Amino acid sequence: MSDKMHIKLNVNGKNEEFLAEPRELLIYTLRERLNITGPHIGCETSHCGACTVTINGKSVKSCTMFVAQADGAEVTTIEGIGGPDDLHPLQEAFKEHHGLQCGYCTPGMITRAKKLLEENPMPTEEEIRFGMAGNICRCTGYQNIVKSIQAAATEMASAKEAAE
Amino acid sequence: MIPAAFDYYRPKDMEAVLSILVEHGDDARVMAGGHSLIPMMKLRMADVPHLIDLQDVPDLSDIVVSADSIKIGAMVTQAELIDNAELTKAAPILREAALQIADPQVRYMGTIGGNVANGDPGNDMPGLMQCLDATFHLVGPDGTRDVAARDFYEAAYMTDREDDEVLTGVTIPTPQGGYAYEKQKRKIGDYATAAAAVQIVKDGDTCTFASVAMTNLSDTPIYSADAVEALVGTTVDDAAIKAAIAAMLEDIDPSEDNRGPIAFKNHVAGVILRRTIERAWSRA
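Here's a quick rundown of the structure. (Residues numbered from 1 in each chain as written. Chains lettered and ligands numbered in written order. Predicted model: local features only at pLDDT ≥ 70, side-chain atom pairs only at ≥ 80, totals over all residues. Heavy atoms only, no water.)

**Quick look at the sheet that holds strand S12 (residues 194-203) of chain B**
Residues and elements named next belong to chain B.
Here comes step 1: Ordered by their spatial adjacency, 4 strands build an open sheet running S11-S12-S13-S14, and the pairing between neighbours is antiparallel. Edge strands, defined here as strands with exactly one partner in the open sheet, are strand S11 (178-184) and strand S14 (222-223).
Here comes step 2: Pairing of S12 with strand S13 (residues 206-215), which is carried by 9 bridges, proceeds in the antiparallel orientation. Among the inter-strand pairings, Val201 is bridged to a residue of S13, identified as Phe209.
Here comes step 3: This element, helix H8 (residues 124-131), spans S11, S12, S13 and S14 of the sheet and lies at about 155 degrees to S13. (Pairing = 2+ DSSP bridges. Helix = DSSP H or I, 4+ residues; strand = E, 2+ residues; numbered from the N terminus. Contact = heavy atoms within 4.5 Å. Axes fitted to C-alpha atoms, helices over the stretch in contact; angles between N-to-C directions.)

Take a look at the structure:
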């Protein structure tokens, strides 16, 4: 066993400090150490995207990052995007448009979709499919996920317009 | 999946990186985005007792576009390649290829340096670097040296880079003419069943320059000088394309795996090279 490292993370706006082996994968840090269980473990092999979080402004599969690499980083998970009392427009839209069935992939889907809409606020269907290609869903066939993201984009654009 | 334990280093400069490499030899590995190395470590196919994370080493993330060449730092990510408008104007084939690598999450982390230095025949950038006649920059305890991309790859995961050297960047001559990078893959995120990179220059109706390289069809990326010869001086008609494909097939040496038997790979290689040449020529 290698020496433990002193790790500092900011997760969903909260500072966390702990000792961990550098080989600990970030998804385990989040789920088992910090009890942030929104990001899921699907494949654990960088394919499925269920563990997607945002790290320093990038969508990252947290099964493919050592906690040591994330030392000093800002991490946002689905919990930092919205909750039962303050659903994000993406969460509202996934609910409204049946963007999920079993729901296992949904935290990763919404976390990735949020970043996609930050980079491209009104994506075409093709751009959504390309931008969401790192997230796999085995239930929906993706059609309603695309619809949900389109609906959220429209909602967010009109909210922005109303605010201006 | 839990990788074997390792000591983690995040040095602040290249001197410190090199001293760790010299101290630990092939027990130490540098890591850029980690999206090849970490999966290998999780599968325990790579054993890295000393892991050196390059994220804090300065001067590895620049893209410098000059009149006749382009220099890209090793830590430039695929996402940064895709988003750099100046680079895309000077060498659009880089963006076209990078968009076909893996998926968005992987492209935020994966770097050009890791992609070319890893020596994985499935990676796309090594083939592209053959096509573009890139030069790789290495630094080691004895100083810096340059290696032509076409001389860099020896076998799968075996390159000209020594254990105590770090690849710091690549330089390509500004590409000329039409371009295309075509990749056949089973699904998004997969490595190529076959991929081809072509740059081609048209003068009147005649091809005056071409470059042809193939990905994942041998244990190294393949630059096909004979395919180039079959194209240059022609009007890139059907006969010339057939000759280029025949020449390319002599240069590749695919092996059977879960992407298909050898006959299928040769077939796909031919289809993909034809598409690549035709599209590059239409843009020339």
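**A word on the pairing of strand S4 (residues 58-61) of chain A**
Residues in a regular strand project their side chains so that they alternate between the two faces of the sheet.
All names here are of chain A.
Here comes step 1: In this sheet, S4 lies alongside strand S3 (residues 52-55) in antiparallel orientation, the contact comprising 4 bridges. Directly across from Ile55, in S4, lies its bridge partner Lys58.
Here comes step 2: From the end of S3 to the start of S4, which pair antiparallel, there are 2 residues, and Asn56 there has a positive phi angle of about 45 degrees.

**Regarding helix H3 (residues 89-96) of chain A**
Residue and element names in this part refer to chain A.
Here comes step 1: Buried within H3 are the following residues: Leu90, Gln91, Ala93 and Phe94. Within H3, the buried residues cover an arc of 165 degrees as seen down the axis, which keeps them to one side. Of the residues in H3, the exposed ones pointing more than 90 degrees away from the buried face are Lys95 and Glu96.
Here comes step 2: Buried residues in H3 make contact with helix H4 (106-119) and helix H6 (143-163).
Here comes step 3: Phi turns positive one or two residues past the end of H3, at His98, with a value near 55 degrees. (Buried < 20%, exposed > 50% of the residue type's maximum accessible area, 1.4 Å probe, protein only. Arc of directions from axis to C-beta.)

**Focus on the interface of chain B and chain A**
Here comes step 1: Counting from both sides, the interface comprises 32 residues of chain B and, opposite them, 34 residues of chain A.
Here comes step 2: A combined buried area of about 2500 Å² lies between chain B and chain A, and 61% of that area is made up of carbon and sulfur atoms.
Here comes step 3: Interface area lost by chain B to chain A is led by B:Met1, B:Gln105 and B:Tyr108, which between them contribute 26%.
Here comes step 4: Between the two partners, chain B and chain A, sit 15 residue pairs in polar contact (both at pLDDT 80 or more).
Here comes step 5: Only strand S1 (7-9), helix H2 (37-42), strand S3 (50-53) and helix H6 (104-109) of chain B provide two or more residues apiece to the side of chain B that touches chain A.
Here comes step 6: Here the element with the most residues in the side of chain B that touches chain A is H6(B); it accounts for 6 residues.
Here comes step 7: Tallied by class, the residues present in the side of chain B that touches chain A amount to 18 nonpolar, 6 polar and 8 charged. (Buried area = accessible area lost by both parts, 1.4 Å probe. Polar contact = N/O pair within 3.5 Å; in protein donor to acceptor, adjacent residues only side chain to side chain. Nonpolar A, V, L, I, M, F, W, Y, C, P; charged D, E, K, R; others polar.)

**Quick look at the nonpolar core**
One recurring pattern in soluble globular proteins: nonpolar side chains tend to sit buried together.
Here comes step 1: If you look at the biggest cluster of nonpolar residues, it comprises 41 residues, and the most contacted ones within it are B:Ile72, B:Leu94, B:Met125, B:Leu128, B:Met129 and B:Phe136.
Here comes step 2: For this core, the two domains that each supply at least three residues are domain 2 (63-173) and domain 3 (178-283) of chain B.
Here comes step 3: If you look at the next biggest cluster of nonpolar residues, it comprises 34 residues, including A:Phe18, A:Ala20, A:Val53 and B:Tyr8. (Core = buried A, V, L, I, M, F, W, Y, C linked by side-chain atoms within 4.5 Å. Domains from an automatic or database assignment.)

**Some thoughts on the sheet that holds S1(B)**
Residue and element names in this part refer to chain B.
Here comes step 1: Strand order in the open sheet made by the 3 strands is S1-S3-S2, with parallel pairing throughout. In this open sheet, the two strands that pair with only one neighbour each are S1 and strand S2 (28-31). On average, each strand axis in the sheet is tilted by 25 degrees relative to the strand beside it, whichever way the strands run.
Here comes step 2: Note: S1 against S3, 3 bridges, orientation parallel. In the strand pairing of S3, Tyr9 is matched with Ile52.
Here comes step 3: In the packing of helix H1 (residues 14-24) onto the sheet, the strands contacted are S1, S2 and S3, and the crossing angle to S2 comes to about 150 degrees.

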